[in-house]
Amino acid sequence: MNFLRGVMGGQSAGPQPSGAETVQKLCDRVASSTLLDDRRDAVRALKALSKKYRLEVGSQAMEHLVNVLQTDRSDSEIIGYALDTLCNLISNDVEEEEPDESEEENAQKTNSDDLAGQFAEIYIKQQENLTLLLSLLEEFDFHVRWPAVKLLTALLKNQGPQVQQIILVSPMGVSRMMDLLADSREVIRNDGLLLLQQLTKANAAIQKIVAFENAFERLLDIITEEGMSDGGIVVEDCLLLLLNLMRNNSSNQNFFKEGSYIQRMKPWFEVAEDNSGWSAQKVTNLHLMLQLVRVLVSPVNPPGATSNCQKSAFQCGLLQQLCTILMATGVPADILTETINTVSEVIRGSQVNQDYFASVNAPSNPPRPAIVVLLMSMVNERQPFVLRCAVLYCFQCFLYKNQKGQAEIVATLLPATIDANSISAGQLLCGGLFSTDSLSNWCAAVALAHALQDNSIQKEQLLRVQLATSLGNPPVSLLQQCTNILSQGSKVQTRVGLLMLLSTWMTNCPIAVTHFLHNQTNVPFLTAQISENLGEEEQLVQGLCALLLGICIYYNENSLENYTKEKLKQLIEKRIGKEIFIEKLAYISKHELYSRAGQKPQPSYSSPEQMLFDHEFTKLVKELEVLITKAVQKSSEDEKKEEEVKKSLEQHDSIVSQYKELIREQDMQLNELKKQVAALTNQNEQSQTTITQQTSQIQQLRDQYNLLKVQGKPLDSQHHIHNEAAQINGIQPKADAEEIGRLREEIEELKKQHDVLEGQLAEKESVIDKLRTNQTTGNTGEGCLDIAGEQTTELHKPVAIAEAASGDNDSASALMKISQLESRLSALDDENQKLKDQVKLLTEEQRTLNQQLASTTSTVAILETDKRKLQQEVTESKKEQDDLLVLLADQDQKIFGFKNKLKELGEPVEDEDDLESADQEDDDDDYEPS
């Protein structure tokens, strides 16, 4: 400090040193002093001089200050002084010595801003300087971290894009800044918010990095801690940072939605019943919160992202909360206006949200629909202009792609649904359409036009509306009343609104064109308006009249003899001239307000006089201008040729469509036949497999049967084999002729054996009868013996030999032999019965095999016949398809020739592939060429 006193000096003896000399001495002190205290005092002195002698300090001391940041990192005090000095040099916030500024002082301030930019550019020229500053953000010391945050913010303000690029490639650069939000010292956290605001401006890459550093979670936590909408400036800074992160950044919007952060926004809009005493900060906070909701559901976002956010807003109750604010009392006008705009974009194009909005009622007695209450504000000329614009935008968004809502609005105008005891939306629109306020006329006309947008049914329904103009006079149609007001020469804004309504109404609605032309005064009025030479203000009206007359030509069905297409074109050529007509038509798109209206759906005008065009109407003009110009320029011969070509094309199209339908049907039949062939093939394969299996099983059983027969097994085993054969299921096997012949031979042998056995049995029975007769008549033993011996000889040789050797036995021995014979006879009876059973089983088996053979043969014959038929049908289908393809190629060649003729005539030819892309893709997927 003694050195500073010596330099600045209090002695008046010698000449006082200049500021540049003083700064030079201090810089030398910083560079050459070996003591840390001396360097610290010198840097402190430079800090004190940095505001008054900014140019001198910046030009001489910046390099030394950077060296201090690099070499004296251990001393937080000198680092803090150096950072403060640099911040004073680069910051634009220069203290003003006097409250009133002269022109010279203003010039000095401008020069000061230029100096800040130059010093910031010098500082970041060396990328290491910014990297050093980012590393200082990690210091927890307040005297280091806070000035580092301020210096980085100043650099971003002056050299934003360059600093952003350096930070983007710096490792952990964004993460270090995000750590500032977690600092317990509020001043650092708050300045960290300001730093992140500057960092995220117009840089989508940094915005994504900040968002994925958990910024949404931290910012929403801070907003909740600070009291949400009742919070202070910190809440405002958080909301501004959120807007920076999500505006024009679909990736961050999707991340915000997927993170379920929309649900956390609902408590922001919970307002108390007593809405009086809104502070300016609360109004600002709530305004930013509404803007944040609009960013998520903006019409310029990708359609899928907007619809997802709209769905989430309804599911979490955010839309319901906004509608509560909409119908609440005591809400400031600017908040109410922004809330209406926000609700508009939340419901725009979302059927569920639009249906909910239609069900909202205002807390009045009796309750009225919110739509009616809003329309009452729109047609009330005492309401603020921005509020009326917001209500119109809300009504337009309610009807956007909402045919159900359009039908409900038009229904309130029809005689059968009018309720005299209540005010409806249709009554309010008619009242505004015919009021004395031109802005109400324009808003009502545009609102009614949106009820007819792309809805031909409601255009025809609106033709039924009848209006009672005065007592005693018959009612007139709404269409006629609009033309009556036009002819009365009202204000330009009123006539523009009515012409836009009539143009929208009659576009693509030939019935409305016929009704309009039926009034004999309408066409002369339009031609008179177009042909007059009026001022610039009337040129727009002339252009719209030309547009309306062109619609009458293009959508004319020639149902009125006096106003056919040809006669109207002749009228234009005689009364106006084709070139003048087309020139007047072009006035619309050349108007300065036309391009402004076409930029975005929301009507945004600084004054009521500028409200002349509607966004949807500008899109309609772009479509109609080309069509009307070509329709007017065409001659009758060209039209006849075009009609002939169109008819020919329609015929060809119908023929092609018929062939396509025929090919589609044949494809279906072919697919069904292919399925049937595949099913029959599978069935045939299964049958062949089953037959093979059963044939092998039968062969095995036959082998077993033959083996048992050779071995002489009892017939019980053979019966068991037959039972096994009887258990075979499925399609009957196909036996060949040789096997059947063998079976028949075996059956014949069995029959012969059966006959032999029956003969033997009869002989045995006769012998038994003789023996029994002799026994009962008391014959002698010798006679019995002789008879027995004779029969035994015939029956069994061993028995006969034994009886011959025995000689003369007594009667007891004869009786014993008779009993043996009886037992043998019973055994023979049993064996005979078994043989009969075996014969029966073999007979049944033969019959079964014959049936199986006949059934299998017939099945195979049927399958072969079906196969031949299917092959023949497939061949015929292929031949028919080849013929159809040849016909289609001829038709395509003819169509191509007709399209070339149309192009030569200057007619627009739409590509059939574009018109029927979805149908053609389905046909290509279904069609399988053979």
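Preceding this paragraph is the structure being described.
Predicted model, so just to flag it, every value in this text is computed and none were measured.

Asks: Looking at this structure, I do not really get the overall build of the protein chain. What am I missing?
Replies: Check the secondary structure of the protein chain and you find 43 helices and four strands. Taking all 930 residues of the protein chain together, 44% fall into the buried category. About 48,500 Å² of surface is accessible on the protein chain, with carbon and sulfur atoms providing 50% of the total.

Asks: Help me out: how do you make sense of the pattern of salt bridges in this one?
Replies: As a working rule, side chains carrying opposite charge can pair if their charged atoms are close by. Tallied over the entire structure, the rule returns 25 salt bridges. It is possible to trace a salt-bridge network through shared partners that takes in Asp 37, Arg 40, Asp 41, Arg 44, Asp 75 and Glu 77.

Asks: Sorry, what's going on with the side chain of Gln 310 here?
Replies: Looking at the secondary structure, you find Gln 310 in helix α17 (residues 303-315). On the basis of relative accessibility, which here comes to 3%, the residue Gln 310 falls in the buried class. Among all residues touching Gln 310, those that are not within four sequence positions of it are Val 297, Glu 345, Val 346, Ile 347, Arg 348, Ser 350 and Asn 353.

Asks: What's the story with the packing of aromatic side chains in this structure? I'm lost.
Replies: In this description, a pair of aromatic rings is defined by centroid distance and the angle of the planes. Counted under the stated rule, the structure contains ten aromatic pairs. Arranged with centres 5.4 Å apart and planes meeting at 40°, the rings of Phe 256 and Tyr 261 form a pair that is tilted. Comparing Phe 256 with Tyr 261 shows no difference in burial state: the two are buried. Following the ring pairs from residue to residue traces out a cluster consisting of Phe 212, Phe 216, Phe 255, Phe 256 and Tyr 261. The side chain of Arg 185 reaches across the aromatic face of Phe 140, ending 4.0 Å from its centre. Cation over ring: Arg 348 sits above Tyr 400, and NZ or CZ is 3.8 Å from the ring centre.

Asks: Got a minute to help me understand the environment of Ser 298 in this structure?
Replies: You can see Ser 298 is positioned in the loop between α16 (280-296) and α17. Classification of Ser 298 by relative accessible area gives buried; the value is 14%. Sequence separation between Ser 298 and Glu 345 is 47 residues, and the spatial gap between their C-alpha atoms is 6.3 Å.

Asks: Sorry, what's going on with a negative patch on the surface here?
Replies: Taken together, Glu 873, Glu 876, Glu 880, Asp 882 and Asp 883 make up a surface patch of like negative charges. Turning to its location among the elements, Asp 882 is positioned in helix α41 (residues 811-904). Among the residues examined, Asp 882 registers a relative accessible area of 47% and is labelled partly exposed.

Asks: Would you explain α17 in this entry?
Replies: Residues spaced three or four apart along an α-helix face the same direction, because each turn holds 3.6 residues. With 13 residues, α17 ought to run about 18 Å at 1.5 Å a step, and its terminal C-alpha atoms sit 18 Å apart, in line with that. Of all the residues in α17, the buried ones are Thr 306, Cys 309, Gln 310, Ser 312 and Ala 313. Seen end-on, α17 carries its buried residues on one side only, within an arc spanning 165°. Projecting away from the buried face of α17 at angles above 90 degrees are the exposed residues Pro 303, Lys 311 and Gln 315. Positive phi appears at Gly 317, one or two residues downstream of α17, with a value of about 90°.

Asks: Whenever I open this one, the environment of Asn 285 confuses me. Can you help?
Replies: Checked against the element boundaries, Asn 285 lands in helix α16. A relative accessible area of 0% places Asn 285 in the buried class. Distance from Asn 285 to Ile 233, taken between C-alpha atoms, is 8.4 Å for residues 52 residues apart in sequence. With near-sequence residues (within four places) excluded, Asn 285 lies in contact with Met 228, Ser 229, Gly 231, Gly 232, Val 235, Glu 236 and Leu 239. Reaching out from Asn 285, the side chain makes a polar contact with the backbone oxygen of Gly 231 at a distance of 2.9 Å.

Asks: How should the nonpolar core be read in this particular structure?
Replies: Across soluble globular proteins, nonpolar side chains have a tendency to be buried as a group. Among the nonpolar cores identified, the biggest contains 207 residues, and Tyr 123, Leu 133, Leu 155, Trp 268, Phe 269, Phe 357 and Leu 547 are the most heavily contacted of them. When residues of this core are assigned to their parent elements, the largest contribution, twelve residues, is made by helix α22 (residues 385-399). Excluding anything up to four places from it in sequence, Trp 268 contacts Leu 220, Ile 223, Met 228, Ser 229, Leu 239, Leu 242, Leu 286, Met 289 and Leu 292. Residues Leu 649, Ile 663, Phe 898 and Leu 902 belong to the second largest nonpolar core, which totals nine residues.

Asks: What is the right way to read helix α20 (residues 351-359) from this model?
Replies: Those residues of α20 that fall on the buried side of the exposure criterion are Asn 353, Gln 354 and Phe 357. In a view along the axis of α20, the buried residues occupy a sector of 100°, so they form one face of it. Packing partners of the buried residues in α20 comprise α17, α18 (318-327), α19 (333-347), α21 (370-378) and α22.

Asks: For this particular structure, what's the right way to read the packing of helix α28 (residues 492-506) against helix α31 (residues 536-554)?
Replies: Packed helices, taken two at a time, are described by the angle their axes make and the gap between the axes. Packing of α28 against α31 leaves a shortest axis separation of 10 Å and a crossing angle of 15°. For the element pair α28 / α31, the angle class is roughly parallel. Crossing hand, α28 versus α31: left-handed. Residue-level contacts link Val 492, Arg 495, Val 496, Leu 499, Leu 502, Ser 503 and Met 506 of α28 to Glu 537, Glu 538, Leu 540, Val 541, Leu 544, Cys 545, Leu 547, Leu 548, Ile 551 and Cys 552 of α31.

Asks: Any chance you could explain unusual backbone geometry here in plain terms?
Replies: What you tend to see is this: most non-glycine residues have negative phi, and most peptide bonds are trans. With an omega dihedral of 0°, the bond running from Asn 365 to Pro 366 counts as a cis peptide bond. One non-glycine residue, Ser 260, adopts positive backbone phi at about 60°. Along the polypeptide, Ser 260 turns up in the loop between α15 (250-258) and α16. A positive phi angle is found at Asp 454, which is not glycine, with a value near 55°.

Asks: Just to check I follow, could you spell out the environment of Glu 345 for this structure?
Replies: Here Glu 345 shows up in helix α19. Glu 345 sits in the buried class, given a relative accessible area of 6%. Spatially, the C-alpha atom of Glu 345 lies 7.8 Å from that of Cys 394, the residues being 49 residues apart in sequence. At a separation of 3.0 Å, a polar atom in the side chain of Glu 345 contacts the side chain of Arg 294.

Asks: What's the story with the side chain of Asn 441 in this structure? I'm lost.
Replies: Tracing the sequence through the fold places Asn 441 in helix α25 (residues 438-452). A polar atom in the side chain of Asn 441 sits 3.1 Å from the backbone oxygen of Leu 433. Among residues more than four places away in sequence, those in contact with Asn 441 are Gly 432, Leu 433, Phe 434, Ser 435 and Thr 494.

Criteria and cut-off values
- Residues numbered from 1 in each chain as written.
- Predicted model: local features only at pLDDT ≥ 70, side-chain atom pairs only at ≥ 80, totals over all residues.
- Heavy atoms only, no water.
- Helix = DSSP H or I, 4+ residues; strand = E, 2+ residues; numbered from the N terminus.
- Buried < 20%, exposed > 50% of the residue type's maximum accessible area, 1.4 Å probe, protein only.
- Areas by Shrake-Rupley, 256 points an atom, 1.4 Å probe, with all protein chains shown as cover.
- Salt bridge = Lys/Arg side-chain N within 4 Å of Asp/Glu carboxyl O.
- Contact = heavy atoms within 4.5 Å.
- Phe/Tyr/Trp six-rings, centres within 6.5 Å; stacked < 30°, edge-to-face > 60°.
- Lys NZ or Arg CZ within 6 Å of the ring centre and 35° of its normal.
- Patch = residues over 30% accessible without salt bridge, like charges linked within 9 Å, V, L, I, M, F, W, Y side chains within 5 Å.
- Lys, Arg positive; Asp, Glu negative; His and termini not counted.
- Charge placed at Lys NZ, Arg CZ, Asp CG, Glu CD.
- Expected span 1.5 Å × (residues − 1).
- Arc of directions from axis to C-beta.
- Polar contact = N/O pair within 3.5 Å; in protein donor to acceptor, adjacent residues only side chain to side chain.
- Core = buried A, V, L, I, M, F, W, Y, C linked by side-chain atoms within 4.5 Å.
- Axes fitted to C-alpha atoms, helices over the stretch in contact; angles between N-to-C directions.
- Parallel < 35°, antiparallel > 145°, perpendicular 65-115°, else oblique.
- Left-handed = near helix turned anticlockwise from the far one by under 90°.

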